[in-house]
Amino acid sequence: MTTVALFGNPNTGKTTLFNRLTDSYAYMGNWSGVTVEKKVGMIKNTNFAIVDLPGIYSLNPLTKDEAVATNFLLTEDQDIILDVANASQLKRNLLLSIELLEYGKPTIIALNMIDSLRKMGISYNQHILAQAFDCTVLMTNARGNKGTQELKQELLAEDPCLPATNFELPYPSSVQQAIKQAVNRLTQDYNFEPHYAKWLAIQFMNANDAVVTFAQAQELRPLLEQAPYYQAQHFEDKIYQARLAFIEATLKTAREAGTSPRVRDITAKIDRFATHPVLGLPIFIGIFYLMFKLTFDWVGTPLSDLLDAFVSGPLSTTADQWLVAIGALPFLRSLIVSGLIAGVGGVLVFMPQIFTLFACISILEDSGYMARAALVMDKLMSKVGLNGKAFIPLIIGFGCNVPGIMAARTIEQPKERLITTLISPYMSCSARLPIYSLFVAAFFAKNQAIVVLSLYFLGIVVALVLAKIYQKVFRSESESVFMIELPEYHLPQPAIIWHGTWDKGKGFIHKAGTVIFGGTVLIWLLSYFGPTGIASDIGHSFTALIGQFFLPVFAPIGLASWQAISAMLTGILAKETIGASLMVLYHTSGRTVLVASLAHMFTPLAAYSFLAFILLYIPCFATIAVIKAETGSWKWAWYSVVSSLVVAYVVSLLIFQGGLLLGLH
Amino acid sequence: MALFVNILITAAIIGLAFWQIVKVVRRSKQGKCAACDYKCEAKKMSLTAKRRPN
């Protein structure tokens, strides 16, 4: 097995290249922080494994995910290093390339996004670069699939094998002398291979945290003893200056007179508005509004209605008739028709809406807007002790809270990371969409998009207020500075959008067959039986008893339906189950019938209060578990459960009672 | 259809449903990727990565 390690700065198109090379699809976004753990793929029909590592600016790790890349070099074996550099930002990207070349393995530098560079009217002589860096240099455009086949062939070329690089950077003589001494001792006393010893020495001088920890663990005395000297002589600065000077000189020599720039610079033009200090936020809100318009008014709902007409009409009737014909008894018919078809089928009809929302999110990701959204939110986030980087996990949470919380590990400061993890469940994930859809159709038919938009922003506002409180309690001051690559805007590619949408959406279908199915059968059982056996009337069933028991608690927030309370309890399994449970409890397999029933049980104000409660109350099992896994303690997971319940109750109470005071109903 | 068959099918559906709930709770306890129902490619690859021979 030949292992190719894929390195590069964030947002250089590494993941796209990985997908092109491995004929596979890995989740990617046109913004940094997408790859938080290494991913492995095989080049088809070969024994070449490609390892995609998180994007880094240097080998000195700042965050948990960046450490993944450095530790890979320290502890795992790799045969070839593939360094992906953004061709239009070579000066910064090549700093990492030098660190990788010094590692001494056969290295290929892929100058990716070469199309962007050409648009700027710049070109570099490939051979001069290859000579200067003593390695293979190739030009690629992974998005347009140009140069990737050549790269694949270069990797697979067995004869001649890729030679190990002998790259030597002319460091100042004091540094060179120190390197030489350290290498001599490391190779003699510790049996290190010279290349590796040299790389370790340079990284140690460069105060690389991961390497310093490694040296302490291995007790590498030649380095540890000299540490004060390296520091006193400012080796870190000298190394950086030498590298930068080398890159500048090389790029100057390699630069060729390009064609006249075709810079339309659309990106800069769009950004003048999209990242504007005043206009940025309204544009962000406008884009989300448009997204909900598409989901609820223009595309999603009409398709859902068609599906609903089929499930509640022909499917239910035919299934019932067929069950009667084969002699199924009433309880089995009830389980299948009123339980499974009504519940699971009732949730599946929301598929078009969920897929529309996911398609919109994928378009935003692929177009390059998400990075701008984080930048726009930076100002707001800094007021609550976080920065724009914390907005990335939150925005991922709009799809599903679980990967959102996992993405919080890209945040450097532990306190900021904890705060982001704790506020992530308040982001309205897609699983809440079916229940929103039901209620907005019943009570706010003319303003569906705006009501859902208000719920999403209610989630953000609650999250920010809590973050501010946590900032005071934890005494967390935002020490980290937010930096994000603003990639060029791309016209979203249908294949990438489809993959992104399917990737996110198939989880929903999978859930319908597992947890929603389980929840539906559970609620059917509880509604079919009561303390006296089979409940003749659902009002005497277990669900009614449970719901009625909690009714007084929820009355102040406007809940007068025990069905809604019982349905909410199943939401802890997965939020989609709430909709399925309501279908079962109202004995209907049709959305239209349910919508009509709901109108009798709620006022619009009570319905909004209920939706706010659903948005904010206890996270689902999977989210609770991931909070435990990421914080490393059950204490925070339980805290999240209790605090979200309290927050949900208080916010819904304010909405309902406040609304009543204002004369709403 | 005989009563027995009716009961058998009902029991099978209920059993399967409970098994799904048990699975979700168990999986949730493992945390991270395992807790999430979204079987994305990234997740599949991280599983492959764990099995990758050195």
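Since the model is a prediction, treat every value here as computed from it, not as a measurement.

A. Seen up close, the overall build of chain A. When its secondary structure is counted, chain A shows 32 helices and ten strands. For chain A, the spread of C-alpha atoms along the three principal axes comes to 90 × 50 × 50 Å. Taken over 665 residues, chain A has a buried fraction of 52%. Considering only contacts in chain A between residues 6 or more positions apart, those separated by 24 or more positions represent 74%.

B. Helix H26 (residues 542–554) of chain A, seen in detail. Residues and elements named next belong to chain A. Along its 13 residues, H26 runs 18 Å from first to last C-alpha, staying within 8% of the 18 Å computed at 1.5 Å per residue. Taking the largest bend as the criterion, H26 deviates by roughly 25 degrees, centred on glutamine 548, and proline proline 552 comes between one and four positions later. Taken together, the buried positions of H26 are Thr543, Ala544, Gly547 and Phe554.

C. Summary view of the domain arrangement of chain A. Residue and element names in this part refer to chain A. Here the domain parsing of chain A yields domain 1 (2–156), domain 2 (173–257) and domain 3 (281–474 + 506–661). Distance between the C-alpha centres of domain 1 and domain 2: 23 Å. Across the contact, 22 residues belong to domain 1 and 21 residues belong to domain 2. At the level of secondary structure, the elements contributing two or more residues to the side of domain 1 that touches domain 2 comprise helix H2 (64–75), helix H3 (90–101), strand E6 (122–124) and helix H5 (126–133). Broken down by element, the side of domain 1 that touches domain 2 gets its largest block of residues, five residues, from H3. Per-class residue counts for the side of domain 1 that touches domain 2 are 14 nonpolar, six polar and two charged.

D. Fine view of the pairing of strand E5 (residues 107–112) of chain A. All names here are of chain A. Counting buried positions along E5 gives six out of six residues, so the element sits mostly inside the fold. Both faces of E5 are covered, namely the face carrying Thr107, Ile109 and Leu111 and the face carrying Ile108, Ala110 and Asn112. In this sheet, E5 lies alongside strand E4 (residues 80–86) in parallel orientation, the contact comprising six bridges. Residue pairing for E5: leucine 82 is matched across the bridge by isoleucine 108. The parallel pair E4 and E5, bridged by H3, forms a crossover whose chirality is right-handed. By the bridge criterion, four bridges tie E5 to strand E7 (residues 136–139) in an arrangement that is parallel. What sits directly across from alanine 110, in E7, is leucine 138.

E. Expanded view of the sheet that holds strand E3 (residues 48–52) of chain A. Residue and element names in this part refer to chain A. Sheet architecture is open: six strands sit in the order E2-E3-E1-E4-E5-E7, paired in mixed fashion. The open sheet terminates on both sides in strands that have one partner only, identified here as strand E2 (39–42) and E7. Across the sheet, the mean angle separating the axes of adjacent strands is 25 degrees when strand polarity is ignored. Alignment of strand E1 (residues 2–8) against E4, held across five bridges, turns out to be parallel. Bridge pairing in E4 links glycine 8 to valine 84. Strands E1, E4 and E5 of the sheet are contacted by H3, whose axis makes an angle of about 170 degrees with E4. Contacts from helix H6 (residues 148–156) reach E1, E3, E4, E5 and E7, with the element oriented near 160 degrees to E7.

F. A look at the confidence of the model for chain A. Within chain A, residue pLDDT values average 86, and 94% of them lie at 70 or more. Under a pLDDT of 50 for its full length, residues 27–34 of chain A has, in the predicted model, 33 contacts with residues more than four places off or in other chains.

G. A look at helix H15 (residues 300–325) of chain A. Residues and elements named next belong to chain A. Given a rise of 1.5 Å per residue, 26 residues ought to cover 38 Å, and the 36 Å separating the end C-alpha atoms of H15 matches this to within 8%. A maximum bend of about 30 degrees is found in H15 at leucine 315. Residues Gly300, Thr301, Ser304, Asp308, Ser312 and Ser316 constitute the buried set of H15. Those residues of H15 hidden inside the fold are in contact with helix H14 (280–298), helix H16 (330–348), helix H17 (351–367) and helix H29 (591–601). The positive-phi residue at the C-terminal boundary of H15 is glycine 327, with phi of around 85 degrees.

Criteria and cut-off values
- Residues numbered from 1 in each chain as written.
- Chains lettered and ligands numbered in written order.
- Predicted model: local features only at pLDDT ≥ 70, side-chain atom pairs only at ≥ 80, totals over all residues.
- Helix = DSSP H or I, 4+ residues; strand = E, 2+ residues; numbered from the N terminus.
- Buried ≥ 20, exposed ≤ 12 C-beta atoms within 10 Å, placed from the backbone.
- Contact = placed C-beta atoms within 7 Å.
- Expected span 1.5 Å × (residues − 1).
- Bend = angle between axes of the 7 residues up to and from the residue.
- Domains from an automatic or database assignment.
- Nonpolar A, V, L, I, M, F, W, Y, C, P; charged D, E, K, R; others polar.
- Pairing = 2+ DSSP bridges.
- Right-handed = clockwise from strand over helix to strand, strands pointing away.
- Axes fitted to C-alpha atoms, helices over the stretch in contact; angles between N-to-C directions.
- pLDDT = per-residue confidence, 0-100.

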